[in-house]
Amino acid sequence: MKKNIQLENFIDIKSEVKEAIEKNKPVVALESTIITHGMPYPANIETAIEVEEVIRQNGAIPATIAIIDGRIKVGLSKEEIEYLAKLEHVVKASRRDLPVILAKKLHGATTVAGTMIIANMAGIKVFVTGGIGGVHRGAQETMDISADLQELAKTDVAVVCAGAKSILDIGLTLEYLETQGVPILGYQTERFPAFYTRDSGFAVDYQVNNPEEVANIIDVKWEMGLHGGVVIANPIPEAHALEQKLIDQAIESAIVEMEKSKISGKEVTPFLLAKLEEITVGKSLASNIELVKNNAEVGAAIAVAQASC
Ligand code: PSU
Ligand code: MN
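Overview of the structure. (Residues numbered from 1 in each chain as written. Chains lettered and ligands numbered in written order. Predicted model: local features only at pLDDT ≥ 70, side-chain atom pairs only at ≥ 80, totals over all residues. Heavy atoms only, no water.)

Considering the environment of A103
- Tracing the backbone through its elements, the reader meets A103 in helix 6 (residues 98-103).
- Taking the relative accessible area as the measure of exposure, A103 reaches 63% and is therefore exposed.
- For A103 and F10, which are 93 residues apart along the polypeptide, the C-alpha to C-alpha distance reads 9.9 Å. (Helix = DSSP H or I, 4+ residues; strand = E, 2+ residues; numbered from the N terminus. Buried < 20%, exposed > 50% of the residue type's maximum accessible area, 1.4 Å probe, protein only.)

Rendered as structure tokens:
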């Protein structure tokens, strides 16, 4: 592809991924912050590899995205996933971080925003993750709003997630996305899911019931020239959902601890995720793993439907 020739200066696309993109075969992008900052070792490696496997089983090629020694990698080998997962300090790479990490030849783990940017450059249209970033509680004071939301506003990638965690202000997150013109599609649900639970208390914009319907909406959006992402909110399977009260209490305590420790900026999300896992003694991690695998199944099906559109 002509577009990739200029990109070769800084992007390495794994050969099977490149071939699939060129032949318009289904490809699904995956992020790497979930590996380095979202889950503890070794669950992070196991999950990253299993999620790739789920995508393959459902007919698509996985492309985990990260930056290694200042080179953007679209599609990681198992060895590269392990290498990244074992590193002590990897920079969390959102839009603002990308040029610096590349210029300084550092390693970087891409967030939802970072992954969307790179997937779009490479020509990958579907991206699977756990949860998106959003407007943090208390953002009226702190102005802590994830760059993920701005990326969803402008970059043409469909993001399959299990909603957003209620470490965020979900109501404000949805308002922000509405202002930015990002459609929120509930996958076989009318309710916006809250990651560990199936209902955040907020409705989605539209319910969609199958991968073809999603592929069609995405296609129409971009064909019309309406730039930006689409959120496909896929609730965690009932059997793996956490009890509302358990997770609510865990989130309250995690936020209190965060305020005590004066955590701010890009440390906020990783801090809260780690605390939740500690407080729920691993129950939140088990749910997290299951919901990502469930998203991989749906994401692969959407990519398959899209490739045959
Ligand atoms: N939410 C999760 N798990 C995660 C993240 C968010 O439940 O791993 C990660 C994603 O990579 C997301 C990023 O893009 O955190 C958002 O960070 P921030 O709030 O600093 O933008
Ligand atoms: Mn933030």
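So much for the structure itself; the text now carries on.
Remarks on the packing of aromatic side chains
- Per the counting criterion, the structure on display carries one aromatic pair.
- Taken together, a centroid distance of 4.8 Å and an interplanar angle of 80 degrees make the contact between F195 and Y196 edge-to-face. Residue F195 shares its accessibility class with Y196, and that shared class is buried.
- Its guanidinium or amino end placed over the ring of W222, K125 lies 5.2 Å from that ring's centre, counting from NZ or CZ. (Phe/Tyr/Trp six-rings, centres within 6.5 Å; stacked < 30°, edge-to-face > 60°. Lys NZ or Arg CZ within 6 Å of the ring centre and 35° of its normal.)

A few points about empty space enclosed by the protein
- For the structure on display, the rule yields one cavity of 30 Å³ or more.
- Roughly 130 Å³ of internal volume is contained in the largest cavity.
- Along its surface, the largest cavity is lined by 14 residues, and E31, I34, I35, A48 and V51 are the ones closest to its centre.
- For the lining of the largest cavity, the element with the highest residue contribution is helix 4 (residues 43-57), accounting for five residues. (1 Å grid on protein atoms, 1.4 Å probe; cavity = no way out; pocket = protein on both sides within 12 Å on 5 of 7 lines; lining within 4 Å. Points joined across faces, edges and corners; volume = space filled by probe spheres on them.)

Observations regarding the layout of surface pockets
- When its volume is computed, the largest pocket comes out at roughly 680 Å³.
- For the largest pocket, the lining is made up of 34 residues, of which K92, T111, S146, D148 and T269 are closest to its centre.
- At the level of elements, helix 3 (33-38), helix 9 (147-154) and helix 13 (268-279) are the ones that each hand at least two residues to the lining of the largest pocket.
- The calculated volume of the second largest pocket comes to roughly 320 Å³.
- N24, G123, K125, Q306 and A307 are, among the 16 residues lining the second largest pocket, the residues nearest its centre.
- Those elements that place two or more of their residues in the lining of the second largest pocket are helix 11 (211-223) and helix 14 (283-307).
- Residue classes in the lining of the second largest pocket are distributed as nine nonpolar, three polar and four charged. (Nonpolar A, V, L, I, M, F, W, Y, C, P; charged D, E, K, R; others polar.)

Re the site of ligand 1
- In the vicinity of ligand 1 lie 15 residues, with E31, K92, S146, D148 and K165 positioned nearest.
- Contacts to ligand 1 include D148, whose side-chain N or O atom sits 2.7 Å from an oxygen atom.
- Within the complex, 92% of the 470 Å² of free accessible area of ligand 1 lies under protein.
- The cavity that encloses ligand 1 is the largest pocket.
- Secondary structure elements with two or more residues in the shell around ligand 1: helix 3 and helix 13.
- Looking at which element gives the most residues to the shell around ligand 1, the answer is helix 3, with three residues.
- Residues that form the shell around ligand 1 fall into these classes: four nonpolar, seven polar and four charged. (Near = heavy atom within 4 Å. Polar contact = N/O pair within 3.5 Å; in protein donor to acceptor, adjacent residues only side chain to side chain. Areas by Shrake-Rupley, 256 points an atom, 1.4 Å probe, with all protein chains shown as cover. Sits in = over half its atoms within 2 Å of the grid points.)

Some words on unusual backbone geometry
- Backbone torsion omega between Y41 and P42 reads 0 degrees, so that peptide bond is classified as cis.
- Among the structural elements, P42 can be located in the loop between helix 3 and helix 4.
- For N24, which is not glycine, the phi dihedral falls at a positive 55 degrees.
- Within the fold, N24 resides in the loop between helix 2 (15-22) and strand 2 (27-30).
- Overall, the relative accessible area of 52% leaves N24 in the exposed class.

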